[in-house]
Amino acid sequence: LLAAVAYAGGVVAQKPVLAHASALQVTFAACVAGALVSLPFAPALAAGVGRADGEALAWTLYLGVFPTAIGFATWAYALRHTTAGRAGATTYLVPPIAVLLGWVILGEQQPALALAGGALCLAGVAIARRH
């Protein structure tokens, strides 16, 4: 519940900022803020990087660039061009897409209740985007 409230607050706070800055600038500022908050963990990071193999470092770089930087930049772009409520409703597409990708890429079998929940999410997004 706290995570949902924090996320919703972030969306609402980000919307007016996007009136004065580009999606890329807002994403960069958020990443810098995250890096600053994470500074106390820098010594552990340095020790971990020294022990990590190349594959682990490559996956970490991938996670920083694609799902994080590109994902948040496209989110900010979309938020700039629609209302906070409409943009927030599209986040309900994440669970059914994750179920689909888990099935296609990882071969995961989902219980019927998970599929029903995904269908409910899709219906909710369709209703929210229509009005």
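Below or above, wherever it landed, is the structure these notes cover. Every value quoted in this text rests on a predicted model; they were computed, and no experiment measured them.

**Focus on a nonpolar patch on the surface**
A cluster of nonpolar side chains, Trp-59, Leu-61, Tyr-62, Leu-63, Val-65, Phe-66 and Ile-70, forms an exposed patch at the surface whose accessible area comes to about 710 Å². Looking at the element boundaries, Leu-61 is found in helix 4 (residues 54-80). The class of Leu-61 is exposed, set by a relative accessible area of 58%.

**Some thoughts on helix 4**
The terminal C-alpha atoms of helix 4, which comprises 27 residues, lie 37 Å apart, in line with the 39 Å expected from a rise of 1.5 Å per residue. Bending of helix 4 peaks at approximately 25 degrees at the position of Leu-63, with proline Pro-67 no more than four residues after it. Those residues of helix 4 that sit buried are Ala-73, Trp-75, Ala-76 and Leu-79. Looking at the buried residues of helix 4, the elements they touch are helix 1 (2-17), helix 2 (23-37) and helix 5 (84-89).

**Describing the nonpolar core**
As a rule of thumb, nonpolar side chains are buried together in soluble globular proteins. Counting residues in each nonpolar core, the largest one holds nine residues, listed as Val-11, Leu-18, Ala-21, Ala-23, Val-26, Trp-75, Ala-76, Leu-79 and Ala-87. When contributions to this core are tallied by element, the ones reaching two or more residues are helix 2 and helix 4. A per-element tally of this core places helix 4 first, with three residues. In contact with Ala-21, not counting residues within four places along its chain, are Val-26 and Arg-80.

**Here we look at the packing of aromatic side chains**
One pass over the structure, following the stated rule, counts three aromatic pairs. When the ring of Tyr-7 is compared with that of Trp-75, the centres are 6.3 Å apart and the planes differ by 40 degrees; the resulting orientation is tilted. With Tyr-7 in helix 1 and Trp-75 in helix 4, this pair connects stretches of sequence that are 68 residues apart. Taking relative accessible area as the criterion, Trp-75 reaches 15% and is therefore assigned buried. An aromatic cluster is defined as three or more aromatic residues linked by ring pairs; in this entry it consists of Trp-59, Tyr-62 and Phe-66.

**Considerations on helix 2**
Under the 1.5 Å per step criterion, the end-to-end length of helix 2 is 21 Å for 15 residues, consistent within 8% with the ideal 21 Å. Taken residue by residue, helix 2 has Ala-23, Val-26 and Thr-27 as its buried positions. Buried residues of helix 2 fall within an arc of 100 degrees about the axis and therefore sit on the same side. Away from its buried face, by an angle of more than 90 degrees, helix 2 presents the exposed residues Leu-24, Phe-28 and Leu-36.

**So, the packing of helix 6 (residues 94-106) against helix 7 (residues 112-130)**
A pair of packed helices is captured by two measures, namely the crossing angle of their axes and the spacing between those axes. Where helix 6 meets helix 7, the closest approach of the two axes is 8 Å, and the angle between their N-to-C directions is 135 degrees. Taken together, the axis directions place helix 6 and helix 7 in an arrangement best described as oblique. As for the relative orientation of helix 6 and helix 7, their crossing is left-handed in sense. Residue-level contacts link Pro-95, Pro-96 and Val-99 of helix 6 to Leu-115, Gly-118, Cys-121 and Leu-122 of helix 7.

Calculation rules
Residues numbered from 1 in each chain as written. Predicted model: local features only at pLDDT ≥ 70, side-chain atom pairs only at ≥ 80, totals over all residues. Heavy atoms only, no water. Patch = residues over 30% accessible without salt bridge, like charges linked within 9 Å, V, L, I, M, F, W, Y side chains within 5 Å. Areas by Shrake-Rupley, 256 points an atom, 1.4 Å probe, with all protein chains shown as cover. Salt bridge = Lys/Arg side-chain N within 4 Å of Asp/Glu carboxyl O. Helix = DSSP H or I, 4+ residues; strand = E, 2+ residues; numbered from the N terminus. Buried < 20%, exposed > 50% of the residue type's maximum accessible area, 1.4 Å probe, protein only. Expected span 1.5 Å × (residues − 1). Bend = angle between axes of the 7 residues up to and from the residue. Contact = heavy atoms within 4.5 Å. Core = buried A, V, L, I, M, F, W, Y, C linked by side-chain atoms within 4.5 Å. Phe/Tyr/Trp six-rings, centres within 6.5 Å; stacked < 30°, edge-to-face > 60°. Arc of directions from axis to C-beta. Axes fitted to C-alpha atoms, helices over the stretch in contact; angles between N-to-C directions. Parallel < 35°, antiparallel > 145°, perpendicular 65-115°, else oblique. Left-handed = near helix turned anticlockwise from the far one by under 90°.

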